[in-house]
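The lines below spell out each chain.
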Amino acid sequence: PFVAKDLITTVAGLLHTKDDGDAAQTKATTVRILIVDDNSMNQRVAKAIVEKAGFEAVVLDNGQLAVDFVANNHCDMILMDCQMPVLDGFEATRVIREMQSLGRLGRGCRTPLPIVAVTANAMEGDREKCVAAGMDDYVTKPIKAKVVLEAIEAQLKKRHTKSRI
């Protein structure tokens, strides 16, 4: 178990960058997390969790809106529902991964862009289906703050480590 304040401190520490070569000075960057879900209650819960942890949250109703958003805007991570109208989370993730491979994500998007499935699907094989679609992790509903924050922390830490190698 962890305390939200400790998570915020840890993630903020991972996101600090050197300023003008002076190692003593650091500058925090804002982490923007895209929440893509067609259920208004799930949107409110996820947004509250993300914002309480100190991140910026952008909420969208379907996968097509997510694709359009990442084509034109800064994004550091996506929490993606799988079952949505217009464009579901699996297809939206495939499109975003293709855009990423072609260098067509919006300016300032984290690359590779972490995508975490947040889904009610909890049957055997569902995790594999999410990974096959290009998602990095899998969290089941109902949304639990601790689980979602652990997934966010793991993906941000993983991406930070890879970018330093």
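That block above? That's the structure.
What counts and what doesn't
All chains use their own residue numbering, which begins from 1 and follows the written sequence. Confidence filtering applies because this is a predicted model: local features only for residues at pLDDT of at least 70, side-chain atom pairs given and counted only at 80 or more, and all residues used for totals across whole chains, interfaces and linings. By convention in this description, side-chain values take in all heavy atoms of the structure and omit both hydrogens and water. Numbering of helices and strands runs from the N terminus, with a helix taken as a DSSP run of H or I at least four residues long and a strand as a DSSP run of E at least two residues long. Buried residues are those whose accessible area, probed at 1.4 Å on protein chains only, stays under 20% of the maximum for their type, while exposed residues exceed 50% and partly exposed ones sit between those limits. A contact between two residues is defined here by any heavy atoms of the two lying within 4.5 Å. By the criterion applied in these results, polar contacts are pairs of N or O atoms within 3.5 Å in which, for protein atoms, one can donate a hydrogen and the other can accept it, and in which residues neighboring in sequence qualify only through two side-chain atoms. Nonpolar core, defined: a set of buried Ala, Val, Leu, Ile, Met, Phe, Trp, Tyr and Cys residues in which side-chain atoms within 4.5 Å join the residues together. Pairing of aromatic side chains requires ring centres within 6.5 Å, counting the rings of Phe and Tyr and the six-membered ring of Trp. Pairs whose planes differ by under 30 degrees are stacked, by over 60 edge-to-face, and all others tilted. For a ring to carry a charge above it, either NZ of a lysine or CZ of an arginine must fall within 6 Å of the ring centroid while also lying within 35 degrees of the normal to the ring plane.

Student: Give a description of the overall build of the protein that names residues and reports values.
Tutor: Helix and strand counts for the protein stand at six helices and seven strands. When the helices and strands of the protein are placed in sequence order, the string is α-β-β-β-α-β-α-β-α-β-α-β-α. Buried positions account for 44% of the 165 residues belonging to the protein. By sequence separation, contacts in the protein at least 24 residues apart represent 61% of the contacts at least 6 residues apart.

Student: Requested: an account of the side chain of Asp 81, with residues and values cited.
Tutor: Considering the arrangement of structural elements, one finds Asp 81 in the loop between strand E5 (77-80) and helix H4 (89-101). At a separation of 3.1 Å, a polar atom in the side chain of Asp 81 contacts the side chain of Lys 141.

Student: If you had to explain the nonpolar core to someone new, which residues and values would you point to?
Tutor: In terms of nonpolar packing, the biggest core is built from 27 residues, with Leu 34, Val 70, Cys 75, Ile 78, Met 80, Ile 96 and Met 135 touching the most fellow members. The contact partners of Ile 78, leaving out residues within four places of it in the chain, are Leu 34, Val 36, Val 70, Ile 96, Leu 113, Pro 114, Ile 115 and Val 116. Counting residues in each nonpolar core, the second largest holds 20 residues, with Val 50, Phe 55, Ala 57 and Val 118 among its members.

Student: A description of the packing of aromatic side chains should follow, citing residues and the corresponding values.
Tutor: Evaluated as defined, the whole model comprises zero aromatic pairs. Sitting above the plane of the Phe 90 ring, Lys 129 keeps its charged end 4.6 Å from the centroid.

Student: Go over the environment of Glu 51, please, and point to the residues and values.
Tutor: Turning to its location among the elements, Glu 51 is positioned in helix H2 (residues 40-52). For Glu 51, a relative accessible area of 41% corresponds to the partly exposed category. Taking the C-alpha atoms as reference points, Glu 51 and Arg 32, 19 residues apart in sequence, are found 9.8 Å from one another.

Student: I'd like to hear about the side chain of Asp 76, residue by residue, with values.
Tutor: With respect to the helices and strands, Asp 76 occurs in the loop between helix H3 (63-72) and E5. Within the local environment of Asp 76, its side chain forms a polar contact with the backbone nitrogen of Arg 32, the two atoms lying 2.8 Å apart.

Student: Before we move on, could you go through unusual backbone geometry and cite the residues and values that matter?
Tutor: In this structure, the amide linkage connecting Thr 111 to the following residue, Pro 112, adopts the cis form with an omega of -5°. Tracing the backbone shows Pro 112 in the loop between H4 and strand E6 (115-119). Geometrically, the link from Lys 141 to Pro 142 is a cis peptide bond, its omega value of 5° lying close to zero. Here Pro 142 is to be found in the loop between strand E7 (137-140) and helix H6 (145-164). Look at Val 86: it is not a glycine, yet its phi comes out positive at around 70°. On the secondary structure map, Val 86 appears in the loop between E5 and H4. Exposure remark for Val 86: the relative accessible area of 68% places this residue in the exposed category.

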